[in-house]
Amino acid sequence: MNIYLINALLILLVVRQIREHQLDLRALAVPVLAVAAATVMFLHAVPSAGSDITLDLLCTLAGAAMGAIGGLATRLRLGADGGPLGRAGVLAASMWIAGVGARMVFYFAATHGAGPAIAAFSVAHHITGSAAWTAALVMMALADVLTRLAVVAIRGRRLSAAGTPVIPASVPAGAGA
């Protein structure tokens, strides 16, 4: 039940991102804290035998790709105070929901009849077991969130810098001569 509750909370974060919001520390910290909590709850070890590291890398890359797409698809504009405002569009929200949804579907399938097929796949591909899958899926979520937030934060900073007029410092006469 905990995994469903956590995933539902992660999806609710998307709703929060769809409304235009200021890109301040709180807006950037909440998703990281949510995934950090999930990491503490579910990631107890990172198995490294067999093809576990390959599975970890593939899931991490998939998460990072979804996060980058989501971050690039987030609409940004300057607010009245010159600070960046963000709003997740359909593509950005879809990337987040696809990642959370894929993990929920995998968990549901693994616990409702597909366990033997996943076990057979794991044996055939030298994946050591459920701890390897858990680690890979948690790392996928971390990569998704951290990449998305990094892309949005960098874009927001660039937008603020481009939107703020640069006033050159006055140079006293004869300086630099």
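Please refer to the structure higher up on the page.
Everything numeric in this text was worked out from a predicted model, so none of it was measured.

## What about the environment of Met 140?
Tracing the sequence through the fold places Met 140 in helix 6 (residues 130-163). With 82 residues separating them along the chain, Met 140 and Leu 58 place their C-alpha atoms 8.4 Å apart. Not counting chain neighbours up to four residues away, the residues in contact with Met 140 comprise Cys 59, Thr 60, Ala 62, Gly 63, Met 66 and Arg 103.

## A look at helix 4 (residues 90-111)
Across its 22 residues, helix 4 extends 31 Å between first and last C-alpha, which sits within 8% of the 32 Å expected from 1.5 Å per residue. Within helix 4, the full set of buried residues consists of Ala 92, Ala 93, Met 95, Trp 96, Gly 99, Val 100 and Arg 103.

## A look at the sheet that holds strand 1 (residues 21-22)
The strand order across the open sheet built from three strands is 1-3-2, with neighbouring strands paired in antiparallel fashion. Of all the strands in the sheet, the pair left with one neighbour each is strand 1 and strand 2 (74-78). In this sheet, strand 3 (residues 84-88) lies alongside strand 2 in antiparallel orientation, the contact comprising five bridges. Bridge pairing links Arg 75 to Arg 87 in strand 3. Here helix 6 sits on the sheet and contacts strand 2 and strand 3; the angle it forms with strand 2, its principal contact strand, is near 25 degrees.

## Quick word on the packing of helix 3 (residues 52-72) against helix 6
Running from N to C, helix 3 and helix 6 cross one another at 30 degrees; their axes reach a closest spacing of 7 Å. When the axis of helix 3 is compared with that of helix 6, the two are roughly parallel. As helix 3 runs across helix 6, the sense of the crossing is right-handed. In terms of residue class, the contact of helix 3 with helix 6 is built from 17 nonpolar, six polar and five charged.

## Details of the packing of helix 3 against helix 4
For the pair helix 3 and helix 4, interaxial distance at closest approach is 7 Å and the crossing angle is 155 degrees. By the angle between their axes, helix 3 is roughly antiparallel relative to helix 4. Helix 4 is crossed by helix 3, and the crossing has left-handed handedness. Note on element contacts: helix 4 touches helix 3 through Leu 91, Ala 92, Met 95 and Gly 99, opposite Met 66, Ile 69 and Gly 70.

## A word on the nonpolar core
The tendency in soluble globular proteins is for nonpolar side chains to be buried side by side. Judged by nonpolar contacts, Leu 55, Cys 59, Met 66, Met 95, Ile 118, Ile 127, Ala 132, Trp 133, Ala 136, Leu 137 and Met 140 together constitute the single largest core of eleven residues. Residue assignment for this core shows that the elements contributing at least two residues are helix 3 and helix 6. Examining the composition of this core, we find that five residues originate from one element, helix 6, more than from any other. Discounting residues that sit within four places of it in the chain, Ile 127 has contacts with Ser 51, Asp 52, Leu 55, Phe 121, Ser 122, Ala 132 and Trp 133. With seven residues, the next largest nonpolar core counts Leu 13, Ala 141, Val 145 and Leu 149 among its residues.

## Describing unusual backbone geometry
One non-glycine residue, His 126, adopts positive backbone phi at about 60 degrees. For His 126, the position within the fold is in the loop between helix 5 (115-124) and helix 6. Judged by its relative accessible area of 53%, His 126 is exposed.

Parameters and conventions
- Residues numbered from 1 in each chain as written.
- Predicted model: local features only at pLDDT ≥ 70, side-chain atom pairs only at ≥ 80, totals over all residues.
- Heavy atoms only, no water.
- Helix = DSSP H or I, 4+ residues; strand = E, 2+ residues; numbered from the N terminus.
- Contact = heavy atoms within 4.5 Å.
- Expected span 1.5 Å × (residues − 1).
- Buried < 20%, exposed > 50% of the residue type's maximum accessible area, 1.4 Å probe, protein only.
- Pairing = 2+ DSSP bridges.
- Axes fitted to C-alpha atoms, helices over the stretch in contact; angles between N-to-C directions.
- Parallel < 35°, antiparallel > 145°, perpendicular 65-115°, else oblique.
- Left-handed = near helix turned anticlockwise from the far one by under 90°.
- Nonpolar A, V, L, I, M, F, W, Y, C, P; charged D, E, K, R; others polar.
- Core = buried A, V, L, I, M, F, W, Y, C linked by side-chain atoms within 4.5 Å.

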